[in-house]
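Letter by letter, the chains look like this.
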Amino acid sequence: MKTTVIIPNYNGIDFLKNCLESATKSAVPASIIVVDNGSSDESREWVKENCPEAQLIAFPENRGFCAAVNAGILAARTPYVFLLNNDTTIEPDCIGRLESAMESADGFFSVGAKMLSMREPELVDTAGDLYSAFGWAYAVGKGKESARYRKRRAVFSNCGGAVLYRKDYLERTGLFDENHFAYLEDVDLGYRARILGYRNVVEPAAVVYHAGSGFSGSRYNAFKIAHSSRNNVYLIYKNMPLLQLVINAPFLLAGFGIKYLFFVKKGFGKLYREGLAQGVALCRSPEGKKRKVRFAWKNIGHYAKIQLELWANLFRRF
């Protein structure tokens, strides 16, 4: 086997059954690890009874997405790990297509699947992520026709909900940063890989169907806004050296200002401000400072490419 499927779960028994069924029907064999974040809905018992081929790692409490997938990655014994949200199902050839794409180039850090809406499978949920100088991360193709996304393409990073990683590269970048708990941790990991010169691509022939908001409940909610605003500040501090922060400061200020007005209109202005403040506090904390990526001159060319992409993505968003 080349791939281990890692499925983080928290009270997702209604989704988990279909997810595991599709994973066990993969056209190529794969190991499966379910990491349970202290569920109280009998998810763990169901996995033990109905999917004995899956390895179960059970946490006593909810430690967040990052801790869960990190535990799965460390337990995996295959060259690739495929992170898969519990509210998804995969096509039988999905894993095989991801493996083939990964093996087509040594520099690929991650290969993302094309995620389609489970309710409207003709529409894209995400075909990779882009990140711009506004400090905005956004899903490629969100809500657009799937037929428009048929070619493999480079992206800034890949959504952690359906992505294949090369495990030996993860040993060089480090695993997911557990300071994030949830949201933007995949962009952070992709950013770190880009600093080292690795590439992230999406393979649209590998298809995953996503229910969406299986944990938090909706596109805009208190949990998501608080964590994503906090983590966005941390992401920027962590990955941008001082010069890049100075270069991007006007764009970042504009981006945060626009988002603040957006969330004020949605009734979440105070929550967004509190999230930003928490992000600043995290950056100033010993744990946040310890995680900051140290600038190295050998990576200056990679930083330059990233910066050009951040500027280009200002326009691609629209």
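Structure: above.
All values reported here derive from a predicted model rather than from experimental measurement. (Residues numbered from 1 in each chain as written. Predicted model: local features only at pLDDT ≥ 70, side-chain atom pairs only at ≥ 80, totals over all residues. Heavy atoms only, no water.)

Trainee: How would you summarise the environment of D188 if you had to cite specific residues and measurements?
Mentor: Among the secondary structure elements, D188 is positioned in helix α6 (residues 185-195). Classification of D188 by relative accessible area gives buried; the value is 0%. Along the primary structure D188 and Y10 are separated by 178 residues, whereas in three dimensions their C-alpha atoms are 22 Å apart. Separated by 3.0 Å, the side chains of D188 and N239 make a polar contact. (Helix = DSSP H or I, 4+ residues; strand = E, 2+ residues; numbered from the N terminus. Buried < 20%, exposed > 50% of the residue type's maximum accessible area, 1.4 Å probe, protein only. Polar contact = N/O pair within 3.5 Å; in protein donor to acceptor, adjacent residues only side chain to side chain.)

Trainee: Run through unusual backbone geometry, naming residues and quoting values.
Mentor: In this model, E42 sits at a positive phi of 70°, which is unusual for a non-glycine residue. When you line up the elements, E42 lands in the loop between β2 (31-37) and α2 (43-50). Look at L184: it is not a glycine, yet its phi comes out positive at around 70°. Summarising the element assignment, L184 is placed in the loop between α5 (167-173) and α6. Note on L184: relative accessible area 15%, which makes it buried.

Trainee: Pulling in residues and values, what's your account of a nonpolar patch on the surface?
Mentor: A cluster of nonpolar side chains, namely L243, I247, L308 and W311, defines an oily patch on the protein surface of about 390 Å² accessible area. Among the elements of the structure, α8 (242-266) and α11 (300-316) are those that each provide at least two residues to the nonpolar patch. Inspection of the secondary structure assignment puts L243 in helix α8. The class of L243 is exposed, set by a relative accessible area of 62%. (Patch = residues over 30% accessible without salt bridge, like charges linked within 9 Å, V, L, I, M, F, W, Y side chains within 5 Å. Areas by Shrake-Rupley, 256 points an atom, 1.4 Å probe, with all protein chains shown as cover. Salt bridge = Lys/Arg side-chain N within 4 Å of Asp/Glu carboxyl O.)

Trainee: Lay out the packing of aromatic side chains in plain terms, naming residues and giving numbers.
Mentor: Going through the model one piece at a time under the given rule, you end up with 16 aromatic pairs. Aromatic side chains Y165 and F176 sit 6.0 Å apart centroid to centroid with 80° between the ring planes, which places their arrangement in the edge-to-face category. Pair noted here: Y165 is in strand β11 (residues 162-166) and F176 is in the loop between α5 and α6, with a separation of 11 residues, a long-range link. For the pair F295 and Y303, a centre-to-centre distance of 5.3 Å together with 35° between the ring planes defines the contact as tilted. The class of F295 is partly exposed, set by a relative accessible area of 36%. Taken together through their ring pairs, the aromatic side chains of F65, F109, Y165, Y169, F176 and Y198 make up a single cluster. The positively charged end of R63 is found above the aromatic ring belonging to F59, 4.3 Å away from the centroid. (Phe/Tyr/Trp six-rings, centres within 6.5 Å; stacked < 30°, edge-to-face > 60°. Lys NZ or Arg CZ within 6 Å of the ring centre and 35° of its normal.)

Trainee: Run through the packing of helix α1 (residues 13-24) against α2, naming residues and quoting values.
Mentor: Any two packed helices are characterised by the angle at which their axes cross and by the distance between the axes. In contact at an axis separation of 10 Å, α1 and α2 are set at 25° when each is read in the N-to-C sense. Our classification of the angle between α1 and α2 gives roughly parallel. Where α1 crosses over α2, the two elements pack in a sense that is right-handed. Of the residues in α2, those touching α1 at I13, L16, K17 and L20 are S43, W46 and V47. Of the residues contributing to the contact of α1 with α2, the split by class is 5 nonpolar, 1 polar and 1 charged. (Axes fitted to C-alpha atoms, helices over the stretch in contact; angles between N-to-C directions. Parallel < 35°, antiparallel > 145°, perpendicular 65-115°, else oblique. Left-handed = near helix turned anticlockwise from the far one by under 90°. Contact = heavy atoms within 4.5 Å. Nonpolar A, V, L, I, M, F, W, Y, C, P; charged D, E, K, R; others polar.)

Trainee: Hey, could you go over the nonpolar core for me, with residue numbers and the actual values?
Mentor: Ranked by internal contacts, the top residues of the largest apolar core, which has 35 residues, are Y131, F156, Y191 and L310. Residue assignment for this core shows that the elements contributing at least two residues are β8 (129-131), α6, β12 (199-210), α7 (222-239), α8, α9 (269-284) and α11. With 5 residues, α7 is the single largest residue contributor to this core. Counting 33 residues, the second-largest nonpolar core is a separate cluster that includes A23, I95, M102 and L164. (Core = buried A, V, L, I, M, F, W, Y, C linked by side-chain atoms within 4.5 Å.)

Trainee: Tell me about α11, and please be specific about residues and values.
Mentor: In this model, α11 (17 residues) spans 24 Å end to end at C-alpha, consistent with the 24 Å of a helix rising 1.5 Å per residue. Regarding α11, the residues found buried are Y303, I306, Q307, E309, L310, N313 and L314. Around the axis of α11, the buried residues are gathered within 165° of arc, so they sit on the same side. Looking at α11, the residues exposed on the side facing more than 90 degrees away from the buried face are K305, L308, F315 and R316. (Expected span 1.5 Å × (residues − 1). Arc of directions from axis to C-beta.)

Fair warning: the whole summary comes from geometry, so function is off the table for now.
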